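Listed below, chain by chain, are the residues.
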Amino acid sequence: MIGEGQTIWLAPKAISFTAVCDACLGDEHFPESYLNASVSGTLRLEARHGWATCRRGHEIRVERAKRSLAGAIR
Ligand SMILES: [Zn+2]
């Protein structure tokens, strides 16, 4: 069972992203192909957080990784 809380991490200078919705892929009742589960969007360069919504309405958090923390995350 896949819970909520998928997060897409963006590189410090990335303004667009494409990811796959975990909720769609994990839904046993409505199995989606990999292509249908893809979600893409953009995040302004100055924005730290955002949201993406897949075709079926799952909300996915978008977070911009901080450059200063890049080396600290294990
Ligand atoms: Zn979805």
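These notes cover the structure that comes with them. (Residues numbered from 1 in each chain as written. Predicted model: local features only at pLDDT ≥ 70, side-chain atom pairs only at ≥ 80, totals over all residues.)

Re the environment of V39
Phase 1: Turning to its location among the elements, V39 is positioned in strand β3 (residues 38–42).
Phase 2: Sequence separation between V39 and C21 is 18 residues; the distance between their C-alpha atoms is 6.4 Å.
Phase 3: Filtering out sequence-adjacent residues up to four positions away, V39 remains in contact with A19, C21, A52, C54 and I60. (Helix = DSSP H or I, 4+ residues; strand = E, 2+ residues; numbered from the N terminus. Contact = placed C-beta atoms within 7 Å.)

Observations concerning the sheet that holds strand β5 (residues 59–64)
Phase 1: Spatial strand order, β1-β5-β4: three strands in an open sheet with mixed pairing. Two strands lie at the open edges of the sheet, namely β1 (7–10) and β4 (49–53), each paired on one side alone. On average, adjacent strands in this sheet sit at an angle of 30 degrees to one another, irrespective of strand direction.
Phase 2: Looking at chain direction, β4 and β5 are connected through five bridges and run antiparallel. Residue pairing across strands places H49 opposite E63, the latter belonging to β5. (Pairing = 2+ DSSP bridges. Axes fitted to C-alpha atoms, helices over the stretch in contact; angles between N-to-C directions.)

Coordinates in, geometry out; function isn't part of it.
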